[in-house]
Amino acid sequence: MSYRLDYLDQLESEAIHILREVAGQFERPALLFSGGKDSITLVHLALKAFRPGKFPFPLVHVDTGHNFPEALEFRDKLVEQLGEKLIVRNVEDTMRKRHLAEPKGKFASRNSLQTYTLLDVIEEFQFDACIGGGRRDEEKARAKERIFSVRDEFGQWNPKLQRPELWTIYNGRIDKGENVRAFPISNWTELDIWNYIRREKIDLPSIYFAHEREVLEHEGQLVATSRFIQLDPSDKVSVKRVRYRTVGDMTCTAAVESSATGIDAIINEITATKTSERGETRIDDRVSEAAMEDRKKNGYF
């Protein structure tokens, strides 16, 4: 009797294979963990790849100080349940050490400063590979990257120097000082992630589900009010029922109006939408057409 894998089985199998390739090819890998649905899915896949043993890498969180409290609470609860190692490095510490200026403006995002903290933590622990939850459908710059994406000794990415990856063979050979960013779920879509979360019954932070929140209506986007955002007297603030498609900083991540309190309803919403999650909800990606690519070239994940 033949057994045919469905598409989620195939995606899962590929991701587990990539995670094991990272563990086998690199001496000091790390898994970058934000507390968002993609990195949570990566942790779930790592459990399948390496249990009953411990993870062959720590979880690393670059904390900007502008995170959603719900995401941080979920992060700490999950790490405690897993019994795995979590390394947290703060952008504020990097700003003091490097004498970096605090970003100004209405939505003063520290996203661009994460690069410095990430490069510092890579140097501190001599990580030679960083696993992340980047997906090709999120943003066009990410669609240019391979599964194993090499960074030079300065942490920079050159989109013109990409290695071929034929027959699922991943080349992890790097020179001293270089680093690889590995993307096990690169071939997944947002809808794939949610279907997998439903199938595997994966817990998520509450902000992914519809809830009431005070939001600022700005250029067609709904941004949660917080002490990090400068409100003007003319700003329109109201309480709406919203959820988040992606979890970044409170300063640069917008919510979407939604009544979806369960995964089935969320999947129906995603199926009907024609806008990518970052395209609809990430303010920092609207700075320019090449905003993400420019950050990646400078060392951003």
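For the structure itself, consult the block above.
In short, a report on the structure. (Residues numbered from 1 in each chain as written. Predicted model: local features only at pLDDT ≥ 70, side-chain atom pairs only at ≥ 80, totals over all residues. Heavy atoms only, no water.)

1. A look at the overall build of the protein
Reasoning step 1: In terms of regular secondary structure, the protein is built from 9 helices and 10 strands.
Reasoning step 2: Put simply, 73% of the contacts in the protein that link residues at least 6 apart link residues at least 24 apart.
Reasoning step 3: Accessible surface, the protein: about 14,600 Å² in total, of which carbon and sulfur atoms supply 49%. (Helix = DSSP H or I, 4+ residues; strand = E, 2+ residues; numbered from the N terminus. Contact = heavy atoms within 4.5 Å. Areas by Shrake-Rupley, 256 points an atom, 1.4 Å probe, with all protein chains shown as cover.)

2. Description of the pattern of salt bridges
Reasoning step 1: By the definition in use, this model includes 23 salt bridges.
Reasoning step 2: The salt bridge partner of R89 is E124, with a shortest N-O separation of 2.8 Å. Of this pair, R89 sits in strand β3 (residues 86–90) while E124 sits in helix α5 (residues 114–125), placing them 35 residues apart in sequence.
Reasoning step 3: A relative accessible area of 27% means that R89 is categorised as partly exposed.
Reasoning step 4: Of the charged contacts in the structure, one is a salt bridge between D120 and R98, with a shortest N-O distance of 2.6 Å. (Salt bridge = Lys/Arg side-chain N within 4 Å of Asp/Glu carboxyl O. Buried < 20%, exposed > 50% of the residue type's maximum accessible area, 1.4 Å probe, protein only.)

3. So, the environment of R181
Reasoning step 1: Within the secondary structure layout, R181 lies in strand β6 (residues 179–182).
Reasoning step 2: Since its relative accessible area comes to 0%, R181 is described here as buried.
Reasoning step 3: Along the chain, R181 and S149 lie 32 residues apart, while their C-alpha atoms are 5.1 Å from each other.
Reasoning step 4: Of note is the side chain of R181, whose polar atom sits 3.0 Å from the side chain of N179. (Polar contact = N/O pair within 3.5 Å; in protein donor to acceptor, adjacent residues only side chain to side chain.)

4. Points about the packing of aromatic side chains
Reasoning step 1: In this structure the tally under the stated criterion is 9 aromatic pairs.
Reasoning step 2: Aromatic pair W194 and Y208: ring centres 5.9 Å apart, planes at 75°, arrangement edge-to-face. With a gap of 14 residues between them, W194 in helix α6 (residues 190–200) and Y208 in the loop between α6 and β7 (211–218) connect regions that are remote in the sequence. Residue W194 shares its accessibility class with Y208, and that shared class is buried.
Reasoning step 3: Ring-pair connections join several aromatic residues into one group, and the members of that group are F26, F148 and Y170. (Phe/Tyr/Trp six-rings, centres within 6.5 Å; stacked < 30°, edge-to-face > 60°.)

5. Some thoughts on the side chain of R135
Reasoning step 1: Tracing the chain through its elements places R135 in the loop between β4 (129–131) and β5 (148–151).
Reasoning step 2: Side chain to side chain, R135 and D38 meet in a polar contact 2.8 Å long.
Reasoning step 3: A polar side-chain atom of R135 sits 3.0 Å from a polar atom in the side chain of D137.

6. Notes on the sheet that holds strand β8 (residues 221–224)
Reasoning step 1: Here we have 4 strands rolled up into a closed barrel, ordered β7-β8-β10-β9, and antiparallel in their pairing. Going across the sheet, the axis of each strand differs from the next one's by a mean of 65°, ignoring polarity.
Reasoning step 2: As judged from the 6 bridges shared by β7 and strand β9 (residues 237–243), these two strands associate in the antiparallel manner. In the strand pairing of β9, L216 is matched with V237. (Pairing = 2+ DSSP bridges. Axes fitted to C-alpha atoms, helices over the stretch in contact; angles between N-to-C directions.)

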